[in-house]
Structure formats: structure tokens, C-alpha cells
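# Summary of structural features
The primary structure of each chain is shown beneath.
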Amino acid sequence: MRIKQFDVVELKDKNKAIILKIYKGKKYCAEIVNDKGKTIDKKKIVNNQIDRVLYTKK
């Protein structure tokens, strides 16, 4: 799965995340938001935590 900066992804725990920065080795700095759009946390996530890409910037 190809993930770019500013993509919106759905995590396996059903929260959504906005990819802010991409690191080597399929690691990402992301802003985690709940289903109401409220920011929960900013943290690093890895590729196996991502379920699918919801929106990609073209």
C-alpha cells in the first residue's frame, strides 16, 4: 500500500490518522483523530497498524 504525506488512513482500532511525515522503514508521524474529528494524539505509527487509505492527496 502506497501512503503519501497528508493521506487520511483508517487504523485497525477504527480511529483515523492524518500522515504528517514519512520516515524510512514504513514508519509515519501521524495525528490520530476519533470518529467525531477530535484530535486524540500525535504519535508515530507503523504500516501494520494501518487498515486502509480513506483519502489521498492528488
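Placed above this text is the structure.
In what follows, the accompanying structure is described. (Residues numbered from 1 in each chain as written. Predicted model: local features only at pLDDT ≥ 70, side-chain atom pairs only at ≥ 80, totals over all residues. Heavy atoms only, no water.)

### Quick word on the sheet that holds strand E5 (residues 50-55)
An order of E4-E3-E2-E1-E5 is seen for the five strands of this open sheet, with the pairing classed as antiparallel. The open sheet has two free edges, formed respectively by strand E4 (39-46) and E5, since each of these has just one partner strand. Strand after strand, the sheet turns through a mean of 35° between neighbouring axes, direction not considered. Relative to strand E2 (residues 16-23), strand E1 (residues 8-11) runs antiparallel, the two being bridged by three bridges. Each residue of the ladder has a partner; that of Val8, found in E2, is Ile18. (Pairing = 2+ DSSP bridges. Helix = DSSP H or I, 4+ residues; strand = E, 2+ residues; numbered from the N terminus. Axes fitted to C-alpha atoms, helices over the stretch in contact; angles between N-to-C directions.)

### Remarks on the environment of Lys43
Here Lys43 shows up in strand E4. For Lys43, a relative accessible area of 39% corresponds to the partly exposed category. Between the C-alpha atoms of Lys43 and Glu31, which are 12 residues apart in sequence, the distance is 6.6 Å. (Buried < 20%, exposed > 50% of the residue type's maximum accessible area, 1.4 Å probe, protein only.)

### Topic: the pattern of salt bridges
Scanning the entire structure with this criterion turns up one salt bridge. Residue Glu10 pairs with Arg52 through a salt bridge whose shortest N-O separation is 2.8 Å. Of this pair, Glu10 sits in strand E1 while Arg52 is found in strand E5, placing the two residues 42 residues apart along the sequence. Take Glu10: its relative accessible area is 9%, and that puts it in the buried class. (Salt bridge = Lys/Arg side-chain N within 4 Å of Asp/Glu carboxyl O.)

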